[in-house]
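Here is what each chain is made of, one letter per residue.
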Amino acid sequence: MHIVLKNIKEADCACDVLILPFVEDKANPYSRLKPSVGNLIGKIRKKEFKGSLNEVLLVPAPEDIKPERILFLGLGKKDAVTAEKLRQAGGKALSYLRDMEMKKTAVSTLVFDQLKQSPVHFVEGALLGLYTYKKYKNENHAKTISSLVLIIRPSRDLSISIRKKEVIVSAVAFAKDLVNAPANDMTPADLADAARSLKRKNISAKVLEKKDVQKIGMGAFLAVSQGSKEPPKFVVAEYRGSRKPPVVLVGKSITFDSGGLSLKPSDGMEKMKYDMAGGAAVLGVIKAAAELKLPVHLICLLPATENLPGGSAVKPGDVVRSISGKTIEIANTDAEGRLAVADAIEYAKRFKPGAIIDIATLTGACAIAFGGEVAAMMGNDRKLLDAFHEAGEETYERVWELPLFEEYKDYLKSDIADIRNIGNRIGSLMASAYFLYEFAGQCPWVHIDIAGTAWVEKDRPYVPKGASGIGVRLILNLIERLQ
């Protein structure tokens, strides 16, 4: 979608549809428009349109103005309009108009200005809401929006802000495409190829093969891969935008998770292609960081494998040795993500990082606790935790901090090894994070569990059903806060 800034009158904007946002009051913010528009607004607002959040009503435009149609768009109560509400309105409006086969669109920014809200939030929601994944659909006619005109006085700062959102949303779409892909087209090798596709002047990407990983001693990661004929890949991608110590991003990258011999129920297992959403997110982050030339040093680690049952699969009760030397009793093969991420966290320490951030669809307990509304967050660094909370509020990829009390270590006691990969059902969300904490040690570290938020079961205003792309916008916002 091409975005244009034009300082013209709404009535003079030639387009298929003009979007007029309204709040829930009886005032007419468009009194400067032609009388015919004012009369139309008066009639529509009496009964047909209240201005409720994300309410839409498409009507023919009066014949004496250039837009062919007008979309009445609700923003909700005046005092409750926020950046997030504008994102929602943008996503709702543009996805609705796309489905109505409108091509050329325009939006009046009068109300945004009155509410002292930036139109950039509306644009961000519009771009996010237009995402589709139709690689495997044989459709001859794809519905698209060709252009969005913002009726506003152009400025350099506004143009730069919109361009930045376009880059970030493109990175979110890149991550979503990886997660939405079926597991037969997103094997560990395919994910490694996706990382290699990002290589350019300021991004390097290398892939450690199984023999390399064996030599390093990543026994925990390798244990997960034993049941699959697909060889594991350990991806290391780097962006050098600064000489400072790197921020290392670890993304869980289980390209399909059956649960291994601790087999998951068949109902819904097809969605377990999304178990590499953490890895997809960190690739999206490094893609955007490089395009925006952010002054940061990033290293992204993706321990990529499938978790399948088979004759060679790791068994409940087996003991493996991690790269740290710690021995791990594998009590449940469906608690595999923490094994792969633990070895990656330990590997991250060799880069002497300023911080380690891992993002993972780690536990079903996270989804049970928080539903699809918020990600769980735990860590050992107050500055990082606070920055993540602020970034979550600004992007609406919200996080909620949970404790890492020393008592949770007892939940993971093993009779035969240094640590067990799972405790019992009680406190399992915190125990899973404490397992990773055992490997992070004193290095500044934060763990984000996106098990409940990485996949959306039904369309939301700017998040279509399927992969949510969570983590890309959140971590990019965090990185900028750390500068």
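J.: If you had to explain the overall build of the protein chain to someone new, which residues and values would you point to?
T.: Each helix and strand counted, the protein chain has 14 helices and 20 strands in total. A globule of 483 residues ought to have a C-alpha radius of gyration of about 23 Å, and the protein chain, at 24 Å, matches this closely. Structurally, the protein chain occupies a C-alpha span of about 80 × 50 × 45 Å along its principal axes. Counting only residues that meet the buried cut, the protein chain has 58% of its 483 residues in that class. When contacts within the protein chain are restricted to residue pairs at least 6 apart in sequence, those whose partners lie at least 24 apart make up 79%. Accessible area of the protein chain: about 20800 Å², with a carbon and sulfur share of 49%. Side chains of the protein chain carry 69 positive and 58 negative charges; the gap between the two charge centres is 5 Å.

J.: Could you give me a rundown of the packing of helix 10 (residues 337-348) against helix 13 (residues 428-440), with the residues and numbers involved?
T.: Running from amino to carboxyl end, helix 10 crosses helix 13 at an angle of 25°, the nearest separation of the two axes being 8 Å. Relative to helix 13, the element helix 10 is oriented roughly parallel. Remark: the crossing between helix 10 and helix 13 carries right-handed chirality. Along the contact surface, helix 10 presents Arg-338, Leu-339, Val-341, Ala-342, Ile-345 and Glu-346, while helix 13 presents Ser-432, Phe-435, Leu-436, Phe-439 and Ala-440. Grouping the amino acids of the contact of helix 10 with helix 13 by side-chain chemistry returns eight nonpolar, one polar and two charged.

J.: How would you summarise unusual backbone geometry if you had to cite specific residues and measurements?
T.: With the exception of glycine, the majority of residues adopt a negative phi angle, and the majority of peptide bonds are in the trans configuration. One non-glycine residue, Asn-54, adopts positive backbone phi at about 70°. Looking at the element boundaries, Asn-54 is found in the loop between helix 1 (35-47) and strand 3 (56-60). Exposure remark for Asn-54: the relative accessible area of 15% places this residue in the buried category.

J.: An account of the packing of helix 5 (residues 156-180) against helix 9 (residues 277-292) is requested, with residue identities and associated values reported.
T.: For any two helices packed against each other, one specifies the inter-axial angle together with the distance between the axes. Contact geometry for helix 5 and helix 9: axes closest at 8 Å, N-to-C directions at 155°. Judged by the inter-axis angle, helix 5 sits roughly antiparallel to helix 9. Helix-helix and strand crossings are classified by hand; for helix 5 and helix 9 the assignment is right-handed. Contact residues: helix 5 offers Lys-164, Val-167, Ile-168, Ser-170, Ala-171, Phe-174, Ala-175, Leu-178 and Val-179, while helix 9 offers Ala-277, Ala-280, Ala-281, Leu-283, Gly-284, Lys-287, Ala-288, Glu-291 and Leu-292. In terms of residue class, the contact of helix 5 with helix 9 is made up of 13 nonpolar, two polar and three charged.

J.: Provide a residue-level description of helix 13, including the pertinent values.
T.: Taking 1.5 Å of rise per residue, the 13 residues of helix 13 would be expected to cover 18 Å, and the 19 Å separating its terminal C-alpha atoms lies within 8% of that figure. For helix 13, the set of buried residues is Leu-429, Met-430, Ala-431, Ser-432, Ala-433, Tyr-434, Phe-435, Leu-436, Glu-438, Phe-439 and Ala-440. Immediately beyond the C-terminal end of helix 13, within one or two residues, lies Gly-441, with a positive phi of roughly 60°.

J.: Account for the sheet that holds strand 12 (residues 318-321), with residues named and values stated.
T.: The strand order across the open sheet built from three strands is 12-13-17, with neighbouring strands paired in mixed fashion. In this open sheet, the two edge strands, each paired with only one partner strand, are strand 12 and strand 17 (419-420).

J.: Outline the sheet that holds strand 4 (residues 69-74), supporting the account with residue identities and numerical values.
T.: Taken in spatial order, the six strands make up an open sheet running 1-6-5-2-4-3, and their pairing is mixed. With partners counted over all chains shown, the strands left at the sheet margins are strand 1 (2-6) and strand 3, one partner each. Each adjacent strand pair in this sheet contributes to an overall mean axis angle of 25°, direction not counted. Two elements, strand 1 and strand 6 (residues 147-151), share five bridges in a ladder whose sense is parallel. Following the sheet pairing, His-2 is matched in strand 6 by Ser-147. Along the sheet face, helix 4 (residues 119-129) touches strand 1, strand 2 (17-22), strand 4, strand 5 (104-108) and strand 6 and points at about 170° away from the line of strand 6. Packing of helix 5 onto the sheet brings it into contact with strand 1 and strand 6, and relative to strand 1 it is tilted by some 165°.

Thresholds applied
- Residues numbered from 1 in each chain as written.
- Predicted model: local features only at pLDDT ≥ 70, side-chain atom pairs only at ≥ 80, totals over all residues.
- Heavy atoms only, no water.
- Helix = DSSP H or I, 4+ residues; strand = E, 2+ residues; numbered from the N terminus.
- Rg over C-alpha atoms; globule rule 2.2 N^0.38 Å.
- Buried < 20%, exposed > 50% of the residue type's maximum accessible area, 1.4 Å probe, protein only.
- Contact = heavy atoms within 4.5 Å.
- Areas by Shrake-Rupley, 256 points an atom, 1.4 Å probe, with all protein chains shown as cover.
- Lys, Arg positive; Asp, Glu negative; His and termini not counted.
- Charge placed at Lys NZ, Arg CZ, Asp CG, Glu CD.
- Axes fitted to C-alpha atoms, helices over the stretch in contact; angles between N-to-C directions.
- Parallel < 35°, antiparallel > 145°, perpendicular 65-115°, else oblique.
- Left-handed = near helix turned anticlockwise from the far one by under 90°.
- Nonpolar A, V, L, I, M, F, W, Y, C, P; charged D, E, K, R; others polar.
- Expected span 1.5 Å × (residues − 1).
- Pairing = 2+ DSSP bridges.

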